[in-house]
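Structure at a glance
Now for the letters of each chain:
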Amino acid sequence: MTALPPPLSHTDLGLGDRYRGKVRDTYDLGDGRLVLVTTDRISAFDHVLGQAIPLKGQVLNAVAQYSFERTADVAPNHLLSVPDPNVTVGVRCQPLPIEFVVRGYLAGHAWRMYNNGERLLCGEPLAEGLRESERLPTPILTPATKAVEGHDEDVSKAEILGRGLVAPEVLDQATKLALALFERGTEVAAEQGLILVDTKYEFGVAPDGRLLVIDEVHTPDSSRYYYADGYEQRLAAGQPQRQLSKEFVREWLMAHGFQGLDGQPLPDLPPEFVAEVSARYVELYETLTGRTFEPDLSPEPEVRIRRALAGL
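Keep in mind that what you see is a predicted model, and the values were worked out from it rather than measured.

Let's shift gears to unusual backbone geometry. Its identity as a non-glycine residue notwithstanding, Phe-45 has a phi of 50 degrees, on the positive side. Positive phi, close to 75 degrees, is recorded for Ser-133, a residue that is not glycine. With respect to the element layout, Ser-133 can be found in the loop between strand 11 (124-125) and strand 12 (135-141). On the accessibility criterion, Ser-133 (5% relative accessible area) is buried.

As a further point, take the nonpolar core. Core analysis: the largest hydrophobic core is formed by 54 residues, its most contacted members being Phe-100, Tyr-201, Phe-203 and Leu-253. Broken down by secondary-structure element, the contributors of at least two residues to this core are helix 1 (56-71), strand 9 (98-105), helix 4 (168-191), strand 15 (194-205), strand 16 (211-214), strand 17 (223-227), helix 6 (247-255) and helix 7 (271-289). One finds Leu-106, Ala-110, Leu-130 and Leu-136 within the second-largest nonpolar core, a separate group that totals 10 residues.

What follows covers the side chain of Thr-219. Summarising the element assignment, Thr-219 is placed in the loop between strand 16 and strand 17. Here Glu-216 takes part through its side chain, which lies 2.8 Å from a polar atom of the side chain of Thr-219. Setting aside residues no more than four positions away along its own chain, Thr-219 makes contact with Leu-60, Val-63 and Ala-64.

Next up on the list: the sheet that holds strand 6 (residues 79-84). Spatially, 1-2-3-7-6 is the arrangement adopted by the five strands of the open sheet, whose pairing is antiparallel. The two strands at the open ends of the sheet, each matched to only one other strand, are strand 1 (17-20) and strand 6. Here the average twist between neighbouring strands, direction ignored, is 20 degrees. As defined by bridge partners, strand 3 (residues 33-38) adjoins strand 7 (residues 87-91) across five bridges and the pair is classed as antiparallel. Residue pairing for strand 7: Val-37 is matched across the bridge by Val-87. The sheet strands contacting helix 1 are strand 3, strand 6 and strand 7, and the helix crosses strand 6 at an angle near 145 degrees. Each of strand 3, strand 6 and strand 7 touches helix 8 (residues 301-309); the most contacted strand, strand 6, lies at about 130 degrees to it.

Take the packing of aromatic side chains next. Scanning all chains against the criterion turns up nine aromatic pairs. With centroids separated by 5.0 Å and ring planes inclined at 15 degrees, the aromatic side chains of Trp-252 and Phe-273 adopt a geometry described as stacked. Placement of the pair is Trp-252 in helix 6 and Phe-273 in helix 7, with a sequence separation of 21 residues. Like Trp-252, the residue Phe-273 is buried in the burial classification. Measuring from ring centre to ring centre gives 5.4 Å for Tyr-285 and Phe-293, while their planes differ by 65 degrees; the resulting arrangement is edge-to-face. The two residues Tyr-285 and Phe-293 agree in class, both being buried. What links up through ring pairs into an aromatic cluster is the set Tyr-105, Tyr-226 and Tyr-231. Lying across the ring of Tyr-227, Arg-242 places its NZ or CZ 3.9 Å from the centre.

Attention shifts here to helix 7. Between its terminal C-alpha atoms helix 7 stretches 28 Å, which fits the 27 Å expected from 19 residues at 1.5 Å a residue. For helix 7, the complete set of buried residues consists of Phe-273, Val-274, Val-277, Ser-278, Tyr-281, Val-282, Leu-284, Tyr-285, Thr-287, Leu-288 and Thr-289. Tucked inside the fold, the buried residues of helix 7 contact helix 1, helix 4, strand 15, strand 17, strand 18 (243-244) and helix 6. Directly after helix 7, the chain includes Gly-290, whose backbone phi takes a positive value near 75 degrees.

Going residue by residue along strand 16, you find Leu-211 and Val-213 tucked away on one face and Leu-212 and Ile-214 tucked away on the opposite face as well. With four bridges joining them, strand 15 and strand 16 adopt antiparallel strand pairing. Pairing of Glu-202 across the sheet is with Ile-214, part of strand 16. Hairpin connection from strand 15 to strand 16: five residues lie between these consecutive antiparallel strands, with Gly-209 at a positive phi of about 90 degrees.

Let us look at helix 8. Every buried residue of helix 8 is listed here: Pro-301, Arg-304, Ile-305 and Leu-309. Looking straight down helix 8, one finds that the buried residues subtend no more than 125 degrees of arc, so they occupy a single side. Buried residues along helix 8 sit in contact with strand 3, helix 1, strand 6 and strand 7. Of the residues one or two after helix 8, Gly-311 is the one with positive phi, at around 95 degrees.

Turning next to the pattern of salt bridges. One pass over the full model with this rule turns up 26 salt bridges. Ionic pairing is found between Asp-172 and Lys-176, a salt bridge with its closest N-O pair at 3.3 Å. Placement of both Asp-172 and Lys-176 in helix 4 is noted, with a separation of four residues, approximately one turn of the helix. You can call Asp-172 partly exposed: its relative accessible area is 38%. On the basis of relative accessible area, Lys-176 is assigned to the exposed category, the value being 55%. Here Asp-296 makes a salt bridge to Arg-304, at a shortest N to O gap of 3.3 Å.

About the criteria used
Residues numbered from 1 in each chain as written. Predicted model: local features only at pLDDT ≥ 70, side-chain atom pairs only at ≥ 80, totals over all residues. Heavy atoms only, no water. Helix = DSSP H or I, 4+ residues; strand = E, 2+ residues; numbered from the N terminus. Buried < 20%, exposed > 50% of the residue type's maximum accessible area, 1.4 Å probe, protein only. Core = buried A, V, L, I, M, F, W, Y, C linked by side-chain atoms within 4.5 Å. Polar contact = N/O pair within 3.5 Å; in protein donor to acceptor, adjacent residues only side chain to side chain. Contact = heavy atoms within 4.5 Å. Pairing = 2+ DSSP bridges. Axes fitted to C-alpha atoms, helices over the stretch in contact; angles between N-to-C directions. Phe/Tyr/Trp six-rings, centres within 6.5 Å; stacked < 30°, edge-to-face > 60°. Lys NZ or Arg CZ within 6 Å of the ring centre and 35° of its normal. Expected span 1.5 Å × (residues − 1). Arc of directions from axis to C-beta. Salt bridge = Lys/Arg side-chain N within 4 Å of Asp/Glu carboxyl O.

In structure tokens form, the structure reads like this:
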């Protein structure tokens, strides 16, 4: 791979009110549009890591654009334009305070809970005797509250309604859209020899009252993928699945004593691991889309972004 460009760890574009999320810097233009800058920041266990990953933001933005376009007939989304490799311009929405997590397989957080004896996840019962990475009989919805700081919290649909977080009719519509999106994402992944294991969706209410998909769709930050080739053999042998996701970053952190718990110091990512993470993100883009990733290697990405957004 060509030498990596400097990472885009933060922006200060002066485009009105700015909200800094874990990965995106979002600017409200005040005219019903948002500018979402996907930086190279990376988070795990609800903590932003100390090292940014070069090209990660470009990959996420490109995968999100690809996936928004592949799912637009299933669920309307906020995408208006992509004027720069790191930038999406979208419709300003009122976000729902819930992440709609859909799981088709027992993996990641769900497996860790199951392995600790839990058999009810967000109100969804799980059968006895399931194996890690095993396909569930049908995809399940395991929502989570969106924490401004700290950890997201698993929550059932009954709790969402009981706490008045989302109106019943909106929750029903978002649930149907999330499951339909997961079905389409599964089909798109299968075209490229991948399995969509689990993912999260976020929704917002647009000024015209429509419920739109916002943030990102089917990216390596919001989703977990397995390679279909060899899946059954690995499952039968009890071996870890070959996957394209952020899980290997979480595994590295856990191996270095960090799971986001109080008192645990956040380890630094060594340069060689940063380069590996960058390469894995590029691999996912190319594997998922079937396209060659063509990065912008500008040594001054924020200058490039300012130029692209001139005249907005």
